[in-house]
4 protein chains.
Amino acid sequence: MKDRNPNSATLLMHCEDKQGIIASVTEFIREHEGNIIYLEQYVDSEEKEFFMRIEWELENFIISNNKIDTLFKEGLAKKFNMDYHLYFSDERDRMAIFVSKLPHCLFDILARTQSGEWSVDIPLIISNHAELKSVAEKFEIDFYHFPIKPENKKEQEEKELKLLQDYKIDFIVLARYMQILTGDFINNYPLKIINIHHSFLPAFPGAKPYHSAHKRGVKIIGATSHYVTTDLDEGPIIEQDVARITHSDSIKDLLRKGRDMEKIVLSRAISNHFKRKTLVYKNKTIVFG
Amino acid sequence: MKDRNPNSATLLMHCEDKQGIIASVTEFIREHEGNIIYLEQYVDSEEKEFFMRIEWELENFIISNNKIDTLFKEGLAKKFNMDYHLYFSDERDRMAIFVSKLPHCLFDILARTQSGEWSVDIPLIISNHAELKSVAEKFEIDFYHFPIKPENKKEQEEKELKLLQDYKIDFIVLARYMQILTGDFINNYPLKIINIHHSFLPAFPGAKPYHSAHKRGVKIIGATSHYVTTDLDEGPIIEQDVARITHSDSIKDLLRKGRDMEKIVLSRAISNHFKRKTLVYKNKTIVFG
Amino acid sequence: MKDRNPNSATLLMHCEDKQGIIASVTEFIREHEGNIIYLEQYVDSEEKEFFMRIEWELENFIISNNKIDTLFKEGLAKKFNMDYHLYFSDERDRMAIFVSKLPHCLFDILARTQSGEWSVDIPLIISNHAELKSVAEKFEIDFYHFPIKPENKKEQEEKELKLLQDYKIDFIVLARYMQILTGDFINNYPLKIINIHHSFLPAFPGAKPYHSAHKRGVKIIGATSHYVTTDLDEGPIIEQDVARITHSDSIKDLLRKGRDMEKIVLSRAISNHFKRKTLVYKNKTIVFG
Amino acid sequence: MKDRNPNSATLLMHCEDKQGIIASVTEFIREHEGNIIYLEQYVDSEEKEFFMRIEWELENFIISNNKIDTLFKEGLAKKFNMDYHLYFSDERDRMAIFVSKLPHCLFDILARTQSGEWSVDIPLIISNHAELKSVAEKFEIDFYHFPIKPENKKEQEEKELKLLQDYKIDFIVLARYMQILTGDFINNYPLKIINIHHSFLPAFPGAKPYHSAHKRGVKIIGATSHYVTTDLDEGPIIEQDVARITHSDSIKDLLRKGRDMEKIVLSRAISNHFKRKTLVYKNKTIVFG
């Protein structure tokens, strides 16, 4: 059963693969009267690294929430030299959206939050263009317009970073934001910026991928959502999907088919992120089920 | 090239299969200086029926738009005993949406019209519940609330029909409208009502298909968009799509995965309809490319 | 890492969901120096039933293979009232294939065993027709021809059962076998007979599903592999897949597209079965990853 | 109806887009009492080039087969400056297969011809290794072993070309042939050599694409069948397909999932080729339906 429990803790962890990790962690939960509702583990046998996502009900758990982390850190995390994050189901992330002129991903995201499908707050939309201001207003979300030119990029990004801080933003979604962020900006939100690239990476990185796909005569196009790193279009992939095309599809047809893919792929990636299902290790994203 | 020309005529036709139909129709267009930009034909060899969609530029066409129909009717249509429709690219359909409480299909449709992706007008939303009124307001579309009970169904449908007439509605979309329309209502809009059913028809017709799919233990779920006829869930299918599930997906997971399928499948069907790509013959929908 | 270890044990189990099952089983393996290489668990929250597949290396395991079962049965299996199976990676199943006239699934299966892709033995092919004898000979597999008529069905099935016993067959694959097995036959191999049905069940059960799909005008066809039970086409589904079709596909086209689906879907199901990844509970198949 | 007629002619053509091409060609067929059973046309509006595939029954056609080509060449082909090929349904192509050590594509192809699914003859298999000789023998096809080293490549290819000529080979399939053909060899069979590349081109060209896909952490892998040109992995794409993977799939898993994709994608491409459905223009393959 993968429906989220209203009162649960989730542990995402990895460490060198050794005997007894699962036994130790599950025993830790059992001895404190926690009921496991989800466990998925994975061993990267090349890297000899062990990964696990485990979720348990807190209802009868005999350790109070604010003490779990300390207890775990001093105990098992130290013993197995774990890298881990602990989340509680009553926490709710705050997300900022960066857009340019294309509205399809933005609408898809806003519809999901507005309808209650997603448990995430969106207090802030930032754009380098003014076109989508009316969409932000429709959904009553603050909209800031920062036109970007080579000569003002650094300055504008600093204002954006200030805003992100003021709004207490947890993670950023680039919903067809057609600007390349500087390394300085990205380093403020490591593995906290999610992009949608309109190709099946690593095919057709960079600008105008549908034009390149059309020119090459591929029979399938794709979209890729990934965490943004300082290597353009090279960050850890979270989700991909594809659509079949034919010789008779014009570039406009590719753009049209692409829009549906892009919005669905991006929304799946966002959802996996804020539901604490993703874990990045050495430029690969482990996406738990 | 499938991009629509701003000034073109489209002929959708079928008739008994005979030699010379394509030659005659294409010659009709050529001799009047029309340039064919799309032609697709199909022969149902069991039914011995010929089907064609043909589109040509009107720029240099030497017959004026208001005379094409008469000329064609008296000429080739009579000769081959054709059933046909003639459309002009500058006509724009008016669509009404019926909804209940679920907003995902509604949002998807409104985002497409709002963003200019679709050339269709939506002046009217009708619902048997009040919940989605705020969405209609957000997009500045008139919203009417007609609660339906067995004892008032006929009366309410008559009011709805009056409204549809007042608003000059060309076709109706049931965007997860959870009421069964009466035969009387349907007969007012033959092959002009498009529904989305949340299963892979003919599997799981009727209510609660995701619950039935979960109980049966299928590994793939689907969604089906079809024209509404007086046979419930039996109308001509326009579009279907599927999503892979596993044993670990709960009913809530199916509902969630289903929403994305439903909205995309319904929107593809609507788009094929108003772009004059669909032709129904004996309960099957021919969807031209 | 999902590659099979040459020397490992696999436990497939289910029992009423309780706290501490994972902790207990993983501790059992850890305390005897086993290294877990795969663990997947699943809780059916409606049925309150817990399911798990766990695999561990036997290299340093301090209990000898022939004692593990007894120790587990008396210990944890009793404590948690488990239903379980224990498998060892050096066991190799013996599979019989039933065919009629269509060779595509048969060829696909034989190619996989011949090329060493599959670790399974196929000593026996049974058919109600003689057509595929030459294929069996090509691959040097014993072929028996049992023509079936209503009046000799029971008698022929008894001969087949005798053969299956003589050949020490572990499980049976119906590779487009166009005969319905009797309940008596099926009860000899409960959840050990795998069928491929050439539709997306529960749509189009019974005979000639492609004809029914063509008549209904569906836009997607499917294939379903399932365990055979005494309820025709109602057994637990192991795997399904689909292919997109259009109005222009004739029944012959559906048959052609169907063949590729059928062989791949059936082969995936067989592979999941003999790799001990399937577990049936109340007419649903849990397929571990 | 896309089932092939036992006695039909197929014209594949392209020329500069002009008014009246379809009208002229269909009138040519009509006036000689041919019955069109398939017509698909396509205009590349960027290149201003018109493409068509048209098939008609020869039963009552009043021009004898051996005169159609001359009549067409002198008439419409000259008028519209067409590039065209004319095929007759009673012609049967002869295909040679090149393999190395992996048998899955070879088995898939041989099963299709053996079972009568494909109307193509395979008199010859060539390999740079001896491993698959037994498969060739199973299917009673002549097998020649040409070990390739840098120093003997030219010489061996010349022997292969001699064989291909002796066996009157029409086209060549590289069924996971792990050698790069020289430009000299390729130029003997322009657009007559079909390869399967085990990635979603243009992603991961060159050697070991599954290893590269695994390293990059993609969520979907693919396979690509294309005509071989002197630009390695850059030839016109005929068919592609993809399979979903997860972080837990090892390279061995990718290889396993890849095999099923590769064989299906290659077989679709081969089938489209010998059924005269493909037409190459400026490094893109038009695949008619």
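Fair warning: this is a prediction, and the values are worked out from it, not measured in the lab.

A.B. asks: How should I be thinking about the relation of the copies chain D and chain A in this particular structure?
C.D. replies: What connects the two chain copies is a rotation about an axis and a shift along it. The transformation that overlays chain D on chain A combines an axial shift of 0.0 Å with a rotation of 180°, and the residual RMSD is 0.0 Å. Such values leave the two copies arranged in the relation of a two-fold axis. Judged by C-alpha distance, D:A203 is the residue of chain D that lies nearest the rotation axis, at 2.2 Å. The fraction of interface residues of chain D whose copies in chain A are also interface residues reaches 100%, indicating that both copies meet through the same surface.

A.B. asks: It is not clear to me how the sheet that holds strand β11 (residues 237–244) of chain A should be interpreted in this structure. Could you clarify?
C.D. replies: Adjacent strands of a sheet pair through backbone hydrogen bonds, lying either parallel or antiparallel. All names here are of chain A. Here we have seven strands laid out as an open sheet, ordered β7-β6-β5-β8-β9-β10-β11, and mixed in their pairing. Strands at the two margins of the open sheet, each flanked by one partner only, are β7 (142–145) and β11. Taken over all neighbouring pairs, the strand axes of this sheet differ in orientation by 20° on average, direction set aside. Strand direction decides the pairing type here: strand β6 (residues 121–127) and β7, joined by four bridges, are parallel. Residue pairing for β7: I125 is matched across the bridge by F143.

A.B. asks: It is not clear to me how the sheet that holds strand β7 (residues 142–145) of chain C should be interpreted in this structure. Could you clarify?
C.D. replies: All names here are of chain C. Spatial strand order, β7-β6-β5-β8-β9-β10-β11: seven strands in an open sheet with mixed pairing. Of all strands in the sheet, those bounded by a partner on one side alone are β7 and β11 (237–244). Along the sheet, successive strands turn relative to each other by an average axial angle of 20°, direction set aside.

A.B. asks: Looking at this structure, I do not really get the domain arrangement of chain A. What am I missing?
C.D. replies: Bring the parts together and some accessible area is lost; that lost area is often taken as the interface size. All names here are of chain A. Each assigned domain of chain A is listed with its residue range as follows: domain 1 (8–88) and domain 2 (94–287). The C-alpha-based centres of domain 1 and domain 2 are spaced at 32 Å. Contacts between the two partners involve 10 residues from domain 1 and, on the opposite side, eight residues from domain 2. Linking domain 1 to domain 2 there are one salt bridge. One salt bridge in this structure joins E47 and K282, with 3.1 Å as the shortest N-O distance.

A.B. asks: What's the story with the interface of chain C and chain B in this structure? I'm lost.
C.D. replies: Counting residues at the interface gives 35 residues for chain C and 36 residues for chain B. Summing the contributions of chain C and of chain B, the shared interface buries around 2,900 Å²; its carbon and sulfur component is 55%. Interface area lost by chain C to chain B is led by C:R216, C:K219 and C:H247, which between them contribute 26%. The interface formed by chain C and chain B contains four salt bridges. Between C:R244 and B:D241 there is a salt bridge, with its nearest N and O atoms 3.6 Å apart. At the surface where chain C touches chain B, the tally comes to 20 residue pairs in polar contact (both at pLDDT 80 or more).

A.B. asks: How should I be thinking about the packing of aromatic side chains in this particular structure?
C.D. replies: Describing an aromatic ring pair means giving the distance of the ring centres and the angle of the ring planes. A complete count under the given rule lists 48 aromatic pairs over all chains for this structure. Ring plane angle 70° and centroid distance 6.4 Å describe the contact between A:F107 and A:F139, whose orientation is recorded as edge-to-face. Remark: A:F139 occurs in the loop between α4 (133–138) and β7 and A:F107 occurs in helix α3 (residues 104–114); sequence separation between them is 32 residues. Comparing A:F107 with A:F139 shows no difference in burial state: the two are buried. Consider the rings of B:F72 and B:Y84, whose centres lie 5.1 Å apart with planes at 70°: the pair is edge-to-face. On the criterion of sequence distance, the pair formed by B:F72 in helix α2 (residues 65–80) and B:Y84 in strand β4 (residues 83–88) is long-range, its members being 12 residues apart. Comparing B:F72 with B:Y84 shows no difference in burial state: the two are buried. Its end group placed over the ring of B:Y38, B:R53 keeps NZ or CZ at 4.9 Å from the ring centre. The ring of C:F139 carries D:K138 above its face, with NZ or CZ at 4.9 Å from the centroid.

A.B. asks: Quick question: what am I supposed to make of the relation of the copies chain C and chain B here?
C.D. replies: Once turned by 180° and shifted 0.0 Å along the axis, chain C lies on chain B with an RMSD of 0.0 Å. Of all interface residues in chain C, 100% are interface residues in chain B too; the two copies therefore contact each other through one and the same surface.

A.B. asks: Help me understand empty space enclosed by the protein, please; the structure alone is not making it clear to me.
C.D. replies: Empty pockets left among the atoms are what a rolling probe the size of a water molecule brings to light. Enumeration according to the criterion identifies 18 cavities of 30 Å³ or more in this entry. By volume, the largest cavity is sized at about 180 Å³. Taken together, 19 residues form the lining of the largest cavity, with C:F107, C:D108, C:A111, D:D108 and D:K263 sitting closest to its centre. The set of elements that each furnish at least two residues to the lining of the largest cavity consists of α3 (104–114) of chain C together with α3 (104–114) and α8 (251–274) of chain D. Taken together, the residues that form the lining of the largest cavity break down as five nonpolar, four polar and 10 charged.

Definitions and cut-offs
Residues numbered from 1 in each chain as written. Chains lettered and ligands numbered in written order. Predicted model: local features only at pLDDT ≥ 70, side-chain atom pairs only at ≥ 80, totals over all residues. Heavy atoms only, no water. Least-squares fit on C-alpha atoms with pLDDT ≥ 70 in both. Contact = heavy atoms within 4.5 Å. Pairing = 2+ DSSP bridges. Helix = DSSP H or I, 4+ residues; strand = E, 2+ residues; numbered from the N terminus. Axes fitted to C-alpha atoms, helices over the stretch in contact; angles between N-to-C directions. Domains from an automatic or database assignment. Salt bridge = Lys/Arg side-chain N within 4 Å of Asp/Glu carboxyl O. Buried area = accessible area lost by both parts, 1.4 Å probe. Polar contact = N/O pair within 3.5 Å; in protein donor to acceptor, adjacent residues only side chain to side chain. Phe/Tyr/Trp six-rings, centres within 6.5 Å; stacked < 30°, edge-to-face > 60°. Buried < 20%, exposed > 50% of the residue type's maximum accessible area, 1.4 Å probe, protein only. Lys NZ or Arg CZ within 6 Å of the ring centre and 35° of its normal. 1 Å grid on protein atoms, 1.4 Å probe; cavity = no way out; pocket = protein on both sides within 12 Å on 5 of 7 lines; lining within 4 Å. Points joined across faces, edges and corners; volume = space filled by probe spheres on them. Nonpolar A, V, L, I, M, F, W, Y, C, P; charged D, E, K, R; others polar.

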